[in-house]
Each structure stands twice: as C-alpha cells, then as structure tokens.
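As a plain string of letters, each chain reads:
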Amino acid sequence: MVRLHYANRLENLIAPLAAAIRARQQSHPLQRIPVIVPNRAIEEFVKLRVAEQTGVAANLDFPFLRRFLADKLRAADPTLRIVEFEQLQVMLFECIRRGAVRDDRELAAVRDYIAGGSGDEADQERRTMELAGHVAWLFREYSISRRAMIRRWHAGQLLDAAPFEEAERWQRRLWDALFDAEGGLRPDWSANQTLKWMLLPDAFDAADKARLKSVLPDEVFVFGLAYAGPAFIEIFARLGQLITLSVFAINPCQEFWEDVDDARAAERLRLVHRGA
C-alpha cells in the first residue's frame, strides 16, 4: 500500500509523520524505523521537529533513497551489485580507450572531442576521463528518466529528432558496449562472473519479489523528496505492493490540485460569467 501525504509547506508534513512514527513505535517498539530523506539537512530538520511533536526522536534511521534500495537489493540477492557513478565513469574511460571501440565509425564525434585539445597524451587522457564522467552521469539519469529510449536502443532504434541523431548514435554505441539487453553489465567488465552488475532500476526489476519482501521492513517512510524520476515512481508502486510505503511530499502548487479547475472547466466558467 502507498500512502501519500502532501502539503505546500514542509512544516505541515511533520504532524502526520510524527503521528505515523508514534503509532509505529507503539505497535513495534523495538524495530528501527527507516525514514528516507534527500539530504542531511532534511534529516536534522525531521529529527528536531519530530522530537518537538513526540518528546524524543529515537530508533530512527535516515538513509538516502539509492543507498536504501541498493542495500535491500543486495540483502535479497547477494549476487546483485549496483553499478555506481564512479565505477561507470572508469568503465566508460576504459571503453573509449579500447581499440575496437575507439575505431568505431559511430564514435567519430568522441574521437574528435578527445583530439580537440593540445594533442599530447596527458591532455587526451584528461579529456577522455572528463567525457566519461559526463556520459556516466547521463547514463545514470537515462536509467531513471529515459528507460523507453534505452529499450529502443536495444531494439536498434533511434529517436526521430534529427538534430540529436549523431549524439544519440555514439551514446547508444557506448551503452551497448557496457550493458546487455537485460541491463546487466557485459562479462568483459566483471572479474567475477557469478555477480550480476546492474544500474539500480534494472537491478530492482531483476530482484525476486518474495525475497525482496522478506528483507524489507513492514513500513517505510519517505520524507521531503523534491523529485523522483519515472523509474523511482515505478519502484515506489512496486514497493507498495509488498509493504506499506508512506510518502510525505511537497505539493509544488500554492493551491491544492483537487481545488484547481482544469482549463476546460475554467473556460466553461468564463463563458457562464460572460453570459450573465
């Protein structure tokens, strides 16, 4: 079950969070309660405000979303490993430097960028590492917000947007050099073939639901996330099928959405007023 609490001020979310924590601690006094937060500033804010509401903020854990999910996935399947940004950057660096990939005609733009500096070996290495860092960041974002595009890549398709075709071609070529169609890291990039290395959303898809449920707490709180990409929304929905997921979110609107008329209703109201 997913329970959504929202308000247009962060302070207004504390009362329902504190009430939920109090109820949880009364029914399960020895269990630690995970409250997923976006940063340590929100963690300190929650601790102080919950303590004001309940008298003490104790037996609470404050993990970040990615770390919480990665730890639970590994507990559910010890062979699963999450490819983190730094690892992805190093693999892309080595991938670009490999002869078979370096000479690929679809990577002409990559070669031109690397050769565009002073031309000495140290400068080319630096530019390669910087490029690998930018692409690693993009790939991780794609895995969260552009999964449909990645599925098209595996099917050999590109977007129809001509201005971006060249950039998409070389990015798809690098992605394909690292990951297979199921999102797993190709064997060339793993020293231990018994481990399954994946980006976080793909690892969540690959995890067995029953084993994942066995390592999850009965209830998890998510507080103060300003944004969650489409992949995380899907993960929240799947978690809601296994446990109780209570989300405390900011509504980015001065009014409550259900109190705001849509455009068609507003137009009807305008015409009614004009007729009057």
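Our structure's up above, just so we're on the same page.
Residues numbered from 1 in each chain as written. Predicted model: local features only at pLDDT ≥ 70, side-chain atom pairs only at ≥ 80, totals over all residues. Heavy atoms only, no water.

1. Some points on the side chain of E43
Convention followed: The way it works is that DSSP assigns letters per residue, a run of H or I at least four long becomes a helix, a run of E at least two long becomes a strand, and they are numbered from the N terminus. Summary of the burial criterion: residues with accessible area below 20% of their type's maximum are buried, those above 50% are exposed, and those between are partly exposed, where the area comes from a 1.4 Å probe applied to protein chains only. In this analysis, two residues are considered to be in contact whenever any of their non-hydrogen atoms come within 4.5 Å of each other.
Its location among the elements puts E43 in helix α2 (residues 40–54). Accessibility expressed as a relative area gives 10% for E43, which makes it buried. Leave out the neighbours within four places in its chain, and E43 touches V37 and F62.

2. Observations regarding the packing of aromatic side chains
Where we set the bar: Pairing of aromatic rings covers Phe, Tyr and Trp, the last counted by its six-membered ring, and requires centre-to-centre distances within 6.5 Å; plane angles under 30 degrees mean stacked, over 60 mean edge-to-face, and any other angle means tilted. For a ring to carry a charge above it, either NZ of a lysine or CZ of an arginine must fall within 6 Å of the ring centroid while also lying within 35 degrees of the normal to the ring plane.
Applying the stated criterion across every chain, the model contains seven aromatic pairs. Between the aromatic rings of F139 and W175, the centroid separation amounts to 5.1 Å while the plane-to-plane angle is 75 degrees, which identifies the pairing as edge-to-face. A residue pair is termed long-range when its members are at least 10 positions apart, and F139 in helix α7 (residues 121–145) and W175 in helix α9 (residues 165–178) qualify at 36 residues. With respect to burial, F139 and W175 carry one shared label: buried. One aromatic cluster in this structure is built from F139, Y142, W153, W175 and F179. Here the basic side chain of R40 rests over the ring of F64, its NZ or CZ set 4.2 Å away from the ring centre. Lying across the ring of Y113, R127 places its NZ or CZ 4.2 Å from the centre.

3. Quick word on the nonpolar core
Keep this limit in mind: For this analysis, a nonpolar core means a set of buried residues of the types Ala, Val, Leu, Ile, Met, Phe, Trp, Tyr and Cys, connected via side-chain atoms within 4.5 Å.
Counting 31 residues, the largest nonpolar core has L69, L73, F232, F236 and L239 as the members making the most contacts within it. Looking at this core, the elements that each hand over two or more residues are α3 (65–76), β4 (80–82), α10 (200–206), β6 (219–223), α12 (230–242) and β7 (244–250). Leave out the neighbours within four places in its chain, and L73 touches L80, I82, L200, A203, F204, A207 and L212. Judged by nonpolar contacts, the second largest core, of 29 residues, contains L88, I96, W170 and L185.

4. Focus on the environment of E94
Applicable threshold: In the analysis that follows, any N or O atom pair within 3.5 Å is treated as a polar contact, provided that within protein one partner can donate a hydrogen and the other can accept it, and provided that, for residues neighboring in sequence, both atoms belong to side chains.
Note that E94 resides in helix α4 (residues 85–97). Under the relative-accessibility criterion, E94 is labelled partly exposed at 33%. Sequence separation between E94 and M129 is 35 residues; the distance between their C-alpha atoms is 9.0 Å. A polar side-chain atom of E94 sits 3.2 Å from a polar atom in the side chain of R97.

5. So, the pattern of salt bridges
Defined as follows: One speaks of a salt bridge when a side-chain nitrogen belonging to Lys or Arg is within 4 Å of a carboxyl oxygen belonging to Asp or Glu.
Counted under the stated rule, the structure contains 22 salt bridges. The salt bridge partner of R49 is E52, with a shortest N-O separation of 3.9 Å. You can see R49 and its partner E52 sitting in helix α2, three residues apart, about one turn around the helix. The exposure class assigned to R49 is partly exposed, which follows from its relative accessible area of 30%. Since its relative accessible area comes to 61%, E52 is described here as exposed. A salt bridge links R169 to E106, with the nearest nitrogen and oxygen atoms 3.8 Å apart. Of this pair, R169 sits in helix α9 while E106 sits in the loop between α5 (99–102) and α6 (108–114), placing them 63 residues apart in sequence.

6. Points about the pairing of β6
Our working rule: Strand pairing is assigned whenever DSSP detects at least two bridges linking the two strands. Orienting the strands away from the viewer, one traces the path from the first strand over the helix to the second; a clockwise path indicates a right-handed crossover.
Counting buried positions along β6 gives five out of five residues, so the element sits mostly inside the fold. With burial as the criterion, each face of β6 is covered, one bearing E219, F221 and F223 and the other bearing V220 and V222. Strand direction decides the pairing type here: strand β2 (residues 33–36) and β6, joined by two bridges, are parallel. Within β6, the position partnered with I36 by the bridge is V222. In terms of strand pairing, β6 meets β7 through five bridges, oriented parallel. Each residue of the ladder has a partner; that of F221, found in β7, is S246. You can see the chain leave β6, run along α12 and come back into β7, and the turn it takes is right-handed.

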